[in-house]
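Spelled out, the chains give:
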Amino acid sequence: MNISHQKIDDINAKITVDLAPEDYNPAVDKAIKDQAKKAKLPGFRPGLVPVGHIRRTYGKSILLDEINRVVNDKISAYITEQKLEVLGQPLPIEGDDANYNWDYKDTFSFNYEIGLAPEFEIPFAAESEFTEFDIKADEATLAERIKNLRRSYGKMTNPEVSEEGDVLYADLKQDKEEGLEKATSVRTDIIEDAKIKKSLAGLKKDDVVKIDVKKAFKVADLARILGVTEEEAENLDVTNFELTVKNINRLEESDLNQEFFDKLFAAEEVTTEEQFNAKVKEEVENLFKQNSAQKLRNDMYTFGMDKVDVRFPEEFLKRWLKATNPNLSAEEIEEGFADFVNNLKWTIIENRIVTANNLEVKYDEVVDLAKERIYGQIKMYNINEEPTDEQLSQFAMQMLSDREQANRLFEEVKALKVFDHLKSTVKINSEAIDYDKFQELEK
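Residues numbered from 1 in each chain as written. Predicted model: local features only at pLDDT ≥ 70, side-chain atom pairs only at ≥ 80, totals over all residues. Heavy atoms only, no water.

**Q** What's the story with the sheet that holds strand β3 (residues 86-92) in this structure? I'm lost.
**A** Neighbouring strands of a sheet are bound in pairs by backbone hydrogen bonds; such pairs are parallel or else antiparallel. On the basis of which strands lie adjacent, the open sheet formed by four strands has the order β1-β2-β4-β3 and antiparallel pairing. Only two strands of the sheet have a single partner each, and these edge strands are β1 (2-7) and β3. The average undirected angle you get between the axes of adjacent strands in this sheet is 25 degrees. Where β3 and strand β4 (residues 108-116) come together, four bridges link them in antiparallel fashion. Residue Val-86 lies in a different strand from β4, and its bridge partner there is Leu-116. (Pairing = 2+ DSSP bridges. Helix = DSSP H or I, 4+ residues; strand = E, 2+ residues; numbered from the N terminus. Axes fitted to C-alpha atoms, helices over the stretch in contact; angles between N-to-C directions.)

This is how it looks when you write it as structure tokens:
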């Protein structure tokens, strides 16, 4: 057997595999004998089908399967030995068909095209500068968070007079003959137009007002309120509607008492308003730390993607995507190709950082991340439930038995390791910033 590769350019190459009969016949003979032992055919006792009969009946099919297996195994081993950084998988070269007899005596020559990852230097160095923001929890942000928590555990009331923020159960009737009519709930907090929002305050049951729904709502909200499609909402010929109030719903904020505290935290952990405020501040600041870390990761990603200016074997990659996803049309592949290449580019950058610095993802680290994710989900639904480590381990094993989830968690751990390594490599400047100013940076 002879296997070699020839570079077409820096990102495309061809692999050639030459097979003589002695390279594949031993594997074919073994496969035929194994088939004879397993075959159940009319006229023969199980396991006693003659090898010659199997060869005559199924020989060519077995020959084809074994040659494919031998070639694929040899190509994989060759790529590893030659340390070729291959993108996708090798593809048989189109139109490279030869006439073979398939009589166990042929000398085969197979040609495959491969795409190669481009060469580049890892762009992160000691002189690379980034900013890590220390986001401050201002009073307005804390007050808004406390308000949302109190509303989340509040109670629904039906006041006589509406206020801003109430939900009006109302009849909407389009201002034309045989127009749209809908009994629906109208959230006054999502109304876009300030005048319309003000006009819906101070209303009582059976009061009637006229509103321009196109000014009042975003298209998606209007479609939901009227029970029509977004296209129909966008193209309403008459946008003036009569709104008749049928009921007023108001979510009253929960009192700051022990019952409320125990719904949010472990029983008796928080007993005073001061402790509650401190807990909320701690929660908000921890969330801000996550936001800051995500911003730093995003900045590093953008920096790396901008610095690595390379070409990819695009035509090969499109053929490979089509070969591995036959249901995708050429238009669909083209539409998502830019995102695919960007993801591929960052994956290569990450992998080269991992390889160059001997970073290693350990199984225990993947398990720990799975347990962390599960713990967060449990706490989201029941703040007072405290699962044991044994329970978390059992749930983690179940999660990791799903290959897709296991791969996703592995990639997350790898990404975190790369991020931590980069933080220790580049220059990080710390900068204090108010939350509203930080939000502006994200726009």
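**Q** Help me out: how do you make sense of helix α1 (residues 21-38) in this one?
**A** An α-helical segment advances 3.6 residues per turn. Residues three or four places apart therefore align on the same side. For α1, built from 18 residues, the straight-helix expectation of 26 Å at 1.5 Å per residue is met to within 8% by its first-to-last C-alpha distance of 25 Å. All buried positions along α1 are accounted for by Pro-21, Tyr-24, Asn-25, Ala-27, Val-28, Ala-31, Ile-32 and Ala-36. Buried residues along α1 sit in contact with β2 (12-19), α2 (51-82) and β4. (Expected span 1.5 Å × (residues − 1). Buried < 20%, exposed > 50% of the residue type's maximum accessible area, 1.4 Å probe, protein only. Contact = heavy atoms within 4.5 Å.)

**Q** Just checking my understanding: could you explain the pairing of strand β8 (residues 181-187) for this structure?
**A** Remember that side chains alternate between the two faces of the sheet whenever the strand is regular. Alignment of strand β7 (residues 167-174) against β8, held across seven bridges, turns out to be antiparallel. Bridging from a neighbouring strand, Leu-172 pairs with Lys-182 of β8. Here β7 hands over to β8 after six residues, with Glu-178 in that stretch at a positive phi of 55 degrees.

**Q** I'm lost on the packing of aromatic side chains in this one. Help?
**A** The way to describe two aromatic rings as a pair is by their centre distance and the angle between their planes. Across all of its chains, the model carries 19 aromatic pairs by this definition. Here Phe-124 and Phe-130 contribute two aromatic rings whose centre-to-centre distance is 6.3 Å and whose plane-to-plane angle is 35 degrees, an arrangement assigned as tilted. Each member of the pair, Phe-124 as well as Phe-130, is classed as buried. Ring geometry for Phe-288 against Tyr-435: centres 4.5 Å apart, planes inclined by 15 degrees, an arrangement best described as stacked. Here Tyr-435 lies in helix α15 (residues 435-442) and Phe-288 lies in helix α9 (residues 273-307), a separation of 147 residues in the sequence. The same class applies to Phe-288 and to Tyr-435, which are both buried. Three or more aromatic residues link up through ring pairs in this structure, and these residues are Tyr-24, Tyr-100, Trp-102, Phe-108 and Phe-110. (Phe/Tyr/Trp six-rings, centres within 6.5 Å; stacked < 30°, edge-to-face > 60°.)

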